[in-house]
Amino acid sequence: MVIGRHRNTRAIISLEAIKHNVATQISKLKDGQSLFAVVKANAYGHGMIPVAKAAKEAGANGFCVAIIDEGIALRESGIKDPILILGVNPASEAVCMAKHDLSVAVGTLEFLTEAQKLLQEEKQSLKIHLALDTGMGRIGFRNTEDLKEAVDFIEKHSDQLKCEGVFTHFSTADSKDPAYFEKQSQKFDELVGVLKKKPKYIHQANSATALWHPNFEGNLVRMGISMYGLNPSGDVIDETWNLEPALSLESELVAVKEVEAGSSIGYGATYTSSQSEWIGTVPIGYADGWLRRMQGFKVLIDGQYCEIVGRVCMDQFMVRLPKKYDLGTKVTLIGENNGKVITAQDVANYADTIHYEIMCNITERVPRIYK
Ligand SMILES: *Cc1c(COP(=O)(O)O)cnc(C)c1O
């Protein structure tokens, strides 16, 4: 996608905030625990390479991605630290992963058998993290028999397959009720008990686990959303250390006009002014990830909340202004403006989703500016 470098819309990313969040999480770890920065999905919209470099400067020991290509992009940027691919990937790509020194989550014997053959032909070896499905129901071994078979297979083919880790993922670490978390934790112990030799990394902590279950097992945190300064639970649990949100989303007024009473605004003429009103146009729309359903929400201009009127278009939307403002006046969609704030959580609440999705939806067209 073309990046809108010449447009008046930008996402401003504070790498200082990323570093603060990573360093704070590291300061809470116990001896022998490491932290991998989760930079999948373009670092949750923040830009993968700059975020990865900032996280590394702040002490991250490695990285997690979701897909092979993200891992390759990190390698091509010069990163030499461990990179773990968390998602399920085609076994036919085993040699590709091995050549880029990417570790991969594996949850089936089928993957191992197919990969082993290909690796043997190419004289390569692949680092494996055994995924254990302890209750998330997404990927991984679900019982001791299947896991045992996989472990035996890896041992038998230790020239091609190196067991570097074993891990699970919690589905309710951000919930106030610990019951299901504990159930998953017990299942993890039962499954890990199968492994006679313990791999280098044993891990189960995402951001929420690290925040609210600090006695988690293992020696590695996979830090995602909290690195970006957002509370994993949204607004369910409000006790956190001081997370600093890293991203603000800004634009500018590019058209300002006074319309008479009875003027309609936007596609479908869904908004009609009840009196003479000042209307501004903001150059960001749903093609940038500012969802169409944000109609009726607010943005910040000159420290005041201004309503989005009419439907959000693909590339622009309109706001009702309290008075005439100059062209070029800053419009804050996410972040701080003259002492007032709109958070990613505010946006998510209005859009009836989670801030993770709001962040990932900011498309490549919006330039990321780092400070
Ligand atoms: C995405 C992901 C994470 C990071 O989760 P956060 O809630 O953003 O911390 C950790 N582990 C796995 C397996 C993931 O898929």
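Calculation rules
Residues numbered from 1 in each chain as written. Predicted model: local features only at pLDDT ≥ 70, side-chain atom pairs only at ≥ 80, totals over all residues. Heavy atoms only, no water. UniProt positions renumbered as here; feature names shortened; annotations may be inferred. Helix = DSSP H or I, 4+ residues; strand = E, 2+ residues; numbered from the N terminus. Contact = heavy atoms within 4.5 Å. Phe/Tyr/Trp six-rings, centres within 6.5 Å; stacked < 30°, edge-to-face > 60°. Buried < 20%, exposed > 50% of the residue type's maximum accessible area, 1.4 Å probe, protein only. Near = heavy atom within 4 Å. Polar contact = N/O pair within 3.5 Å; in protein donor to acceptor, adjacent residues only side chain to side chain. Nonpolar A, V, L, I, M, F, W, Y, C, P; charged D, E, K, R; others polar. Pairing = 2+ DSSP bridges. Axes fitted to C-alpha atoms, helices over the stretch in contact; angles between N-to-C directions. Core = buried A, V, L, I, M, F, W, Y, C linked by side-chain atoms within 4.5 Å. Domains from an automatic or database assignment. Salt bridge = Lys/Arg side-chain N within 4 Å of Asp/Glu carboxyl O.

## A closer look at the UniProt feature "binding site: substrate" (unreviewed entry) in the chain
- Listed under "binding site: substrate" (unreviewed entry) in the UniProt record, and renumbered for this structure, are Arg138 and Met314. Of the residues just listed, which span 177 residues, the most distant C-alpha pair is 34.0 Å apart, and they do not cluster in one region.
- Considering the arrangement of structural elements, one finds Arg138 in the loop between strand 6 (126-132) and helix 7 (144-156).
- Not counting residues up to four positions away in its chain, the partners in contact with Arg138 are Asp133 and His169.
- Examined against the element boundaries, Met314 turns out to sit in the loop between strand 16 (304-309) and strand 17 (317-321).
- Residue contacts for Met314: discarding those within four places in its chain leaves Gly285, Tyr286, Ala287, Asp288 and Arg365.

## Observations concerning the packing of aromatic side chains
- On inspection of all chains with the given rule, the structure shows seven aromatic pairs.
- Measuring from ring centre to ring centre gives 6.0 Å for Tyr44 and Tyr356, while their planes differ by 35°; the resulting arrangement is tilted. In this pair, Tyr44 sits in helix 2 (residues 40-44) while Tyr356 sits in helix 11 (residues 355-361), placing the two residues 312 residues apart along the sequence.
- With a relative accessible area of 28%, Tyr356 lands in the partly exposed category.
- Geometrically, the ring pair formed by Phe297 and Tyr350 is tilted, given 5.0 Å between the ring centres and 45° between the ring planes. In this pair, Phe297 is assigned in the loop between strand 14 (277-282) and strand 15 (298-301) and Tyr350 in helix 10 (residues 344-351), connecting sequence segments 53 residues apart.
- Judged by its relative accessible area of 6%, Phe297 is buried.

## Notes on the site of the ligand
- By nearness alone, every residue bordering the ligand is listed as Val38, Lys40, Tyr44, Leu86, Arg138, His169, Asn206, Ser207, Arg222, Gly224, Ile225 and Tyr356.
- A distance of 3.2 Å separates an oxygen atom of the ligand from a polar side-chain atom of Arg138.
- The separation between a nitrogen atom of the ligand and a polar side-chain atom of Arg222 is 2.8 Å.
- The class makeup of the residues in the shell around the ligand is five nonpolar, four polar and three charged.

## Here's the deal with the sheet that holds strand 9 (residues 220-223)
- Sheet architecture is closed into a barrel: eight strands sit in the order 2-3-4-5-6-7-8-9, paired in parallel fashion. Each strand axis lies, on average, 30° off the axis of its neighbour in the sheet, ignoring direction.
- As judged from the three bridges shared by strand 2 (residues 34-38) and strand 3 (residues 62-65), these two strands associate in the parallel manner. If you follow Ala37 over to strand 3, its bridge partner there is Phe63.
- This element, helix 7, spans strand 6 and strand 7 (161-168) of the sheet and lies at about 170° to strand 6.

## Quick notes on the side chain of Asn337
- Position of Asn337 among the secondary structure elements: in strand 18 (residues 330-337).
- Asn337 gets classed as buried once you look at its relative accessible area, which sits at 4%.
- In this structure the side chain of Asn337 is engaged in a polar contact, spanning 3.3 Å, whose partner is the backbone oxygen of Leu300.
- Once residues lying within four places of it in the same chain are set aside, the contact partners of Asn337 are Leu300, Ile301, Asp302, Gly303, Lys330 and Thr332.

## Observations concerning the nonpolar core
- Counting 114 residues, the largest nonpolar core has Val39, Met227, Leu249, Trp290, Phe317 and Val319 as the members making the most contacts within it.
- Each of domain 1 (32-228) and domain 2 (247-370) gives at least three residues to this core.
- Apart from residues no more than four positions distant in its own chain, Val319 is found in contact with Leu253, Trp278, Ile279, Gly280, Val282, Val299, Ile301, Cys306, Glu307, Ile308 and Val309.
- Within the second largest apolar cluster, seven residues are counted, among which are Ile265, Tyr271, Val309 and Met318.

## Side note on the UniProt feature "domain: Alanine racemase C-terminal" (unreviewed entry) in the chain
- Mapped onto this numbering, the UniProt entry annotates "domain: Alanine racemase C-terminal" (unreviewed entry) at residues 246-371.
- Structurally, residues 246-371 comprises 12% helix and 40% strand, and the distance from its first C-alpha atom to its last is 10 Å.

## Quick notes on the pattern of salt bridges
- This structure, assessed with the given rule, holds 13 salt bridges.
- With its nearest N and O atoms 3.3 Å apart, the salt bridge here joins Glu250 to Arg10. With Glu250 in strand 10 (residues 247-252) and Arg10 in strand 1 (residues 10-13), this pair connects stretches of sequence that are 240 residues apart. For the pair formed by Glu250 and Arg10, the shared burial category is buried.

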